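# Geometric and topological summary
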Amino acid sequence: MADMRFIRHTGRKIIVTGHYGSGKTEFAVSLAMQYASLKEKIAVVDLDIINPYFRSRERREMFENSGVSVYGSTYDYEITAELPAIGAKLRAPLEDKDSRVIIDVGGNDAGAMVLNQYTKYFTDDDTTMLVVVNSNRPETATLSGALDHIKSIEDVTGLQIDAVVNNSHMLSETTAQTIINGYDLCLKICAETNKFFYCSCFPAGIVDPEQLTGLYGHLIPMGLHMRPAWLKS
Amino acid sequence: MSEKVLMKGNEAFSEAAIRGGCRYYFGYPITPQNEIPEYMSRELPKHGGSFIQAESEICAINMAYGAAAAGGRVFITSSSPGIALMQEGLSFLASAEVPTVVMNVSRCGPGIGGIQPGQADYFQATRGGGNGDYRIPVFAPASLQEGVDLVFEAMELSDKWRNPFFIFTDGILGQMMEPVKLPEKLPDIKREDIKKHKPWALTGYGENDAERNTVISLRIQPDVLEKHVHKLFEKYERAEKELCRVESFGLEDADVVIVAYGIVARIAKEAIEILAEQGIKVGLIRPISLWPFPYNEFKKLSRNTKVVISAELSMGQLIEDVKLGVGERFPVRLVGRTGGMIPSSLEIAERTKKILEEIGG
């Protein structure tokens, strides 16, 4: 198991942004599982009103069994309501000073816009805003593409991204090299924007973390929690 | 960057259309295909193309009719209720022999239904919801790579056959991510060269033109219309021979054969592995073209087959073609889900076993 002390150094409120398909939701879920394993009170707030499918509230039961509270952007177990409505209940974990909260934001600048109504919660020092980068997504495959993407999220939210998450993957076709290539891109992004490098992710059971020991920063194992078995091959 | 990229289905299909020469997209938003108009509005202008948000799907299909009649390469998409609105236009395009690639990222119905995936537009896609005698070839991909390849190829085929082509996919394929290898972009066709590629197109009445081109679907004289429909059906007959596509395996010694297309075929493949571990031999027929339907593949079924199962996200639509393929030789049963519900591989395996017990296998 990787050394997880670093995850205690983030703020109480962790905002996860990124391109859709960067793996934001899987990352948010995996990170929440890490906190849950440390017996922290942890909640995931799903603010994704962009994506009608494969959202984190669909796995609510699994999370709750792991000790992760989930606050979805529609009503309870309803997964397909086409109304992109956000319930007032979502503010509960943001107000609860005893709970760490991971905010899973919708893809791109369009999805990040939803954050604006919660800005008052994020202007203190207790917030860490992350951007998840997958260098195999065409729009964020190059330094200039990734920088444009980050800027568009910062512009629309008025918030500064603090740190970069390397979640470069190709699902089951991910190799150690996929992750290393993404890591190189993320370090360039950090150098260019003066942001911290947060961590790299690796798909558990597909890539051996021993092959990634040369990378600076921590490694977070990712499970494909959101993907049905028949889509994993 | 490696050769493959990780893309969302809707984006990958859009990019495949652009690389296949699409320069005109007309559409109206509907879930779960909205990433397509979003992508096209952003990307098409970079390739000298045009994106127009129509005021309705009826308008979109008729804009497609106009642009394609003028020789443009057109891709249009919608989801089930929106495709329903386009049916009249599709009949017009088929009659006027105007190429256009149309994609349904289908959801569930009837009516406005829901936004989760469905395959209940099978009749709509294969039988046509428009009026009159016409046919539209339909391809149903089961993975993003296959979808990319089929969209790309359909752009060419549609021109070659002077017929609309239909890509029948669903919300899962539209919304899911997979690594894909994108095809090389085809060279642009200059406006002045359209006449060379499409001598029938409405490119203007030049000084040296002996005849004026017309693109019409109105033929008021019965003998003229009958002759025209016969001409169309000669084309459809050729299409039945040349466009039929299917994947199959394990038919020669199967106890059960599952027929499934699109995303359900992937679930079925996993169910077949589960059943194989329990000693039950199950073969698969996966129609890739839904029209023309691969009826001939059913000739490969062995005498030992006990039952043929149609697995579909509908209440029994694919099963009608399965029955036509099977004839009276074997019993045919349905494993269906609807309403946006998706069976697990375990569910398909269990229901297959139950059917085997019922027929005394």
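This text follows the structure it describes.
My aim in this report is to walk through the structure given alongside it, one point at a time. Please read all numbers here as calculations on a predicted model, not as lab measurements. (Residues numbered from 1 in each chain as written. Chains lettered and ligands numbered in written order. Predicted model: local features only at pLDDT ≥ 70, side-chain atom pairs only at ≥ 80, totals over all residues. Heavy atoms only, no water.)

## Focus: the overall build of chain B
Of the regular secondary structure elements, chain B holds 13 helices and 15 strands. Compactness check: chain B gives a C-alpha radius of gyration of 21 Å against a globular reference of 21 Å for 361 residues, within 12% of the reference. Across its three principal axes, chain B shows a C-alpha extent of roughly 75 × 55 × 35 Å. The buried share of chain B, reckoned over its 361 residues, is 58%. Long-range pairs, those at least 24 residues apart, make up 80% of the contacts in chain B with a sequence separation of at least 6. Charge separation in chain B, taken as the distance between the mean sites of 42 positive and 48 negative side-chain charges, equals 2 Å. (Helix = DSSP H or I, 4+ residues; strand = E, 2+ residues; numbered from the N terminus. Rg over C-alpha atoms; globule rule 2.2 N^0.38 Å. Buried < 20%, exposed > 50% of the residue type's maximum accessible area, 1.4 Å probe, protein only. Contact = heavy atoms within 4.5 Å. Lys, Arg positive; Asp, Glu negative; His and termini not counted. Charge placed at Lys NZ, Arg CZ, Asp CG, Glu CD.)

## Remarks on the overall build of chain A
Counting secondary structure elements, chain A contains 6 helices and 8 strands. Start at the N end of chain A and walk to the C end: the helices and strands fall as β-α-β-α-β-α-β-α-β-α-β-α-β-β. Within chain A, the proportion of its 233 residues that are buried is 56%. Taking all contacts inside chain A whose residues are at least 6 apart in sequence as the whole, residues at least 24 apart take part in 75%. Element-wise, carbon and sulfur atoms account for 52% of the exposed surface of chain A, whose accessible area totals about 9,700 Å². (Areas by Shrake-Rupley, 256 points an atom, 1.4 Å probe, with all protein chains shown as cover.)

## Focus on the pairing of strand 3 (residues 68-71) of chain A
All names here are of chain A. Burial along strand 3 is one-sided: Val 68 and Val 70 are buried, while Ser 69 and Tyr 71, pointing the other way, are not. Bridging between strand 2 (residues 42-47) and strand 3 involves 4 bridges; their strand directions are parallel. Opposite Val 45, over in strand 3, you have Tyr 71 as the bridge partner. (Pairing = 2+ DSSP bridges.)

## Re the environment of Asn194(A)
Mapped onto the secondary structure, Asn194(A) falls in the loop between helix 6 (176-193) and strand 7 (196-203). With 31 residues separating them in the primary sequence, Asn194(A) and Ala163(A) have C-alpha atoms 9.0 Å apart.

## A closer look at the nonpolar core
One finds Met40(B), Phe75(B), Phe166(B), Ile258(B), Phe298(B) and Val308(B) to be the most contacted residues of the largest nonpolar core, which totals 113 residues. No other element matches the 9 residues that helix 11 (residues 262-277) of chain B contributes to this core. Shared between two domains, this core takes at least three residues from each, and those domains are domain 1 (4-192) and domain 2 (247-358) of chain B. Residues Val45(A), Leu90(A), Val101(A) and Phe197(A) belong to the second largest nonpolar core, which totals 37 residues. (Core = buried A, V, L, I, M, F, W, Y, C linked by side-chain atoms within 4.5 Å. Domains from an automatic or database assignment.)

## Some words on unusual backbone geometry
For the bond running from Thr31(B) to Pro32(B), omega is 5 degrees, close enough to zero to count as cis. With an omega of 5 degrees, the peptide bond running from Gly109(B) to Pro110(B) counts as cis. On the secondary structure map, Pro110(B) appears in the loop between strand 5 (100-108) and strand 6 (114-117). In the Ramachandran plot, Lys39(A) falls in the positive-phi region, its phi being about 65 degrees despite a non-glycine side chain.

## Concerning the packing of aromatic side chains
Residues and elements named next belong to chain B. Within the structure shown, the criterion is met by 12 aromatic pairs over all chains. With a centroid separation of 6.4 Å and 55 degrees between ring planes, the pair formed by Tyr 25 and Phe 75 is classed as tilted. Note that Tyr 25 is positioned in strand 2 (residues 24-27) and Phe 75 in strand 4 (residues 74-78), a separation of 50 residues in sequence. Accessibility classification places Tyr 25 together with Phe 75 in one group, the buried group. Note on Tyr 65 and Phe 92: the rings are 6.4 Å apart at their centroids and 85 degrees apart in plane angle, and the pair reads as edge-to-face. (Phe/Tyr/Trp six-rings, centres within 6.5 Å; stacked < 30°, edge-to-face > 60°.)

## With respect to the sheet that holds strand 15 (residues 332-336) of chain B
All names here are of chain B. Strand order in the open sheet formed by 5 strands is 10-12-11-14-15, with mixed pairing between adjacent strands. A strand with exactly one partner marks an edge of an open sheet, and here the two such strands are strand 10 (246-249) and strand 15. Adjacent strand axes in the sheet meet at a mean angle of 20 degrees when their direction is disregarded. Judged from the 4 bridges that link them, strand 11 (residues 256-259) and strand 14 (residues 307-312) form a sheet pairing that is parallel. Across the sheet, Val 259 pairs through a bridge with Ser 310, a residue of strand 14. Packed on one face of the sheet, helix 11 meets strand 10, strand 11, strand 12 (282-287) and strand 14 and runs near 170 degrees to strand 12. Of the strands in this sheet, strand 11, strand 14 and strand 15 touch helix 13 (residues 345-358), which is tilted by about 155 degrees from strand 15. (Axes fitted to C-alpha atoms, helices over the stretch in contact; angles between N-to-C directions.)

What is shown is where atoms sit, not what they do.
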